[in-house]
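One letter stands for each residue in the lines below.
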Amino acid sequence: MKNAVIIGSGNVANFFSSLLKKRGLSVIEIHSRNKKTGIELARKCKANFVKNVKDISADADIYILAVNDNNIKEIAKNIKHVKGIIIHTSGSTDIKMLSKKKSAVIYPLQTINKNNLKALEDIPLLYEIIDKKIKKKISALAKKLSSKTY
């Protein structure tokens, strides 16, 4: 996996975009309902800000949905055109909300604060998959982001 699209611009979106960048993956696009924080995160990542979620690139390797739990299902419906793996970051939302075979959940086992990301570089990450064909990719991604994966 080489590149990612982040959907969201809050604490968890900042956390994942920071980790991805530090670990050598490129964040190519950011989408957020909050235009101000979305553009700010896109600038930090040197990524493009995409105003409409339906306009995000279809060719990224992974799509990280770092959004409110109540919005995961709706966003997943709006990005059916993507070819990569869709990942949501909620520990309390069923993976089936993503409704795509190439789906996963990766969530930090700790509260995230975007103003203190350095302290969070090696926190435990838990992951879940639906399709065993992507298990190696998701496991490798999680291990790239943290030495503590479960």
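The rules behind each value
Residues numbered from 1 in each chain as written. Predicted model: local features only at pLDDT ≥ 70, side-chain atom pairs only at ≥ 80, totals over all residues. Heavy atoms only, no water. Helix = DSSP H or I, 4+ residues; strand = E, 2+ residues; numbered from the N terminus. Rg over C-alpha atoms; globule rule 2.2 N^0.38 Å. Contact = heavy atoms within 4.5 Å. Areas by Shrake-Rupley, 256 points an atom, 1.4 Å probe, with all protein chains shown as cover. Lys, Arg positive; Asp, Glu negative; His and termini not counted. Charge placed at Lys NZ, Arg CZ, Asp CG, Glu CD. Pairing = 2+ DSSP bridges. Axes fitted to C-alpha atoms, helices over the stretch in contact; angles between N-to-C directions. Phe/Tyr/Trp six-rings, centres within 6.5 Å; stacked < 30°, edge-to-face > 60°. Buried < 20%, exposed > 50% of the residue type's maximum accessible area, 1.4 Å probe, protein only.

Overview of the overall build of the protein chain
Here is step 1: Each helix and strand in the protein chain was counted, giving four helices and seven strands.
Here is step 2: The secondary structure elements of the protein chain, listed N-terminal to C-terminal, are β-α-β-α-β-β-α-β-β-β-α.
Here is step 3: What you see for the protein chain is a C-alpha radius of gyration of 14 Å, in line with the 15 Å of a compact globule of 150 residues.
Here is step 4: Viewed in the frame of its principal axes, the protein chain has a C-alpha envelope of about 35 × 35 × 30 Å.
Here is step 5: In the protein chain, of all internal contacts separated by at least 6 residues, the share reaching a separation of at least 24 is 51%.
Here is step 6: In the structure as shown, the protein chain presents an accessible area of about 8,000 Å², 48% of it carried by carbon and sulfur atoms.
Here is step 7: When the 30 basic and 12 acidic side-chain charges of the protein chain are each reduced to a single mean position, those positions are 2 Å apart.

Focus: the sheet that holds strand β5 (residues 85-88)
Two pairing modes exist for strands in a sheet, parallel and antiparallel, and in both the strands are linked by backbone hydrogen bonds.
Here is step 1: Spatial strand order, β3-β2-β1-β4-β5-β6-β7: seven strands in an open sheet with mixed pairing. Strands with a single pairing partner mark the edges of an open sheet, and in this sheet they are β3 (48-50) and β7 (125-129). Strand-to-strand, the axes of this sheet are offset by a mean angle of 25°, without reference to chain direction.
Here is step 2: Note: β5 against strand β6 (residues 103-108), three bridges, orientation parallel. Paired with Ile87 across the two strands is Ala104, which belongs to β6.
Here is step 3: Contacting β1 (3-7), β2 (26-31), β4 (62-65), β6 and β7, helix α1 (residues 11-22) runs over the sheet at an angle of about 170° to β1.
Here is step 4: The sheet strands contacting helix α4 (residues 135-145) are β4, β5, β6 and β7, and the helix crosses β7 at an angle near 170°.

Re the packing of aromatic side chains
Note on aromatic pairs: each is described by the distance of the centres and the angle between the planes.
Here is step 1: Counted according to the given criterion, the structure contains one aromatic pair.
Here is step 2: On the basis of an interplanar angle of 80° and a centroid distance of 5.1 Å, the ring pair of Phe15 and Phe16 is categorised as edge-to-face. For the pair formed by Phe15 and Phe16, the shared burial category is buried.

Some details on the environment of Lys132
Here is step 1: Among the secondary structure elements, Lys132 is positioned in the loop between β7 and α4.
Here is step 2: Accessibility expressed as a relative area gives 73% for Lys132, which makes it exposed.
Here is step 3: A sequence separation of 29 residues divides Lys132 from Ser103, and the C-alpha atoms of the two residues are 10 Å apart.

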